[in-house]
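Listed here are the chains, written in short residue letters.
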Amino acid sequence: EQRKYCIERISEMKGLEVEEPGGAFYMFVKLTDEKWHNDDKKFVLDLLHEEHVLVVHGSGFSSRLGKGHFRLVYLPQITVLKEAFDRIDNFLNRHRG
């Protein structure tokens, strides 16, 4: 249920893309906005400071494969995920050129 919710929310957001993960409890979300695609670490730090949402920068896992992504764990309850995605959406809208 949580995985499905996350995929639906991400598909509605401009600047993010994701493929449905197999059996994992996390997903790598692609940053498609040019501002963030080349600096996923800055995206993660700015999101944390401005919206108090913690995700992990993808380049921390692989400088080549993770660049331009962030890792999101989807184990929390739907109410928590909804709040996090609302904040991520606010952040993306505020920083959109």
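Along each chain, the written sequence defines residue order, and numbers are assigned to residues from 1. Given that this is a predicted model, residues contribute local features only at a pLDDT of at least 70 and side-chain atom pairs are listed and counted only at 80 or more, while totals for whole chains, interfaces and linings are drawn from all residues. The basis for every side-chain value is the complete set of heavy atoms in the structure, and neither hydrogens nor water enter the calculation.

Engineer: Please clarify how the overall build of the chain should be interpreted in this entry.
Structural biologist: What counts as a helix is a DSSP run of H or I of at least four residues, what counts as a strand is a run of E of at least two, and both are numbered from the N terminus. Within the chain, the secondary structure is distributed over four helices and four strands. Each helix (α) and strand (β) of the chain, taken in turn from the N terminus, gives the series α-β-β-α-α-β-β-α. As a reference, a globule follows 2.2 Å times the number of residues to the power 0.38, and the radius of gyration itself is taken over C-alpha atoms. Relative to the globule expectation of 13 Å for 97 residues, the C-alpha radius of gyration of the chain, 12 Å, shows essentially globular dimensions. Viewed in the frame of its principal axes, the chain has a C-alpha envelope of about 30 × 30 × 20 Å. For the chain, with 97 residues in total, the buried portion stands at 37%. Exposed residues in this analysis have more than 50% of their type's maximum accessible area, buried residues have under 20%, and partly exposed residues fall in between, with area computed by a 1.4 Å probe over protein chains only.

Engineer: I keep staring at the nonpolar core and nothing clicks. Help me out?
Structural biologist: Most often, soluble globular proteins keep nonpolar side chains buried together rather than apart. We call a set of buried residues a nonpolar core when its members are Ala, Val, Leu, Ile, Met, Phe, Trp, Tyr or Cys and they connect through side-chain atoms within 4.5 Å of each other. Core analysis: the biggest nonpolar cluster contains 23 residues, and Leu16, Phe43, Phe70, Leu72, Phe85 and Ile88 have the highest contact counts within it. Secondary-structure elements contributing two or more residues to this core are α1 (2-12), β2 (26-31), α3 (40-51), β4 (69-73) and α4 (78-95). Residues within four places of Ile88 in sequence aside, it is in contact with Met13, Leu16, Leu47 and Val53. In this analysis, two residues are considered to be in contact whenever any of their non-hydrogen atoms come within 4.5 Å of each other.

Engineer: Could you clarify how one ought to interpret the packing of aromatic side chains in this entry?
Structural biologist: Any aromatic ring pair is given by two values, namely how distant the centres are and how the planes are angled relative to each other. Any Phe, Tyr or Trp ring, taking Trp's six-membered ring, that has another such ring centre within 6.5 Å forms a pair; planes under 30 degrees apart are called stacked, those over 60 apart edge-to-face, and the others tilted. Applying the stated criterion across every chain yields a total of eight aromatic pairs. Seen in terms of ring centroids, Tyr26 and Phe28 are 6.0 Å apart; in terms of plane orientation they differ by 90°. Their pairing is edge-to-face. Throughout this description, the term charge over a ring refers to an Arg CZ or Lys NZ atom that lies within 6 Å of the ring centre and within 35 degrees of the ring normal. A cation sits over an aromatic face here: Arg71 above Tyr26, 3.8 Å from the ring centre.

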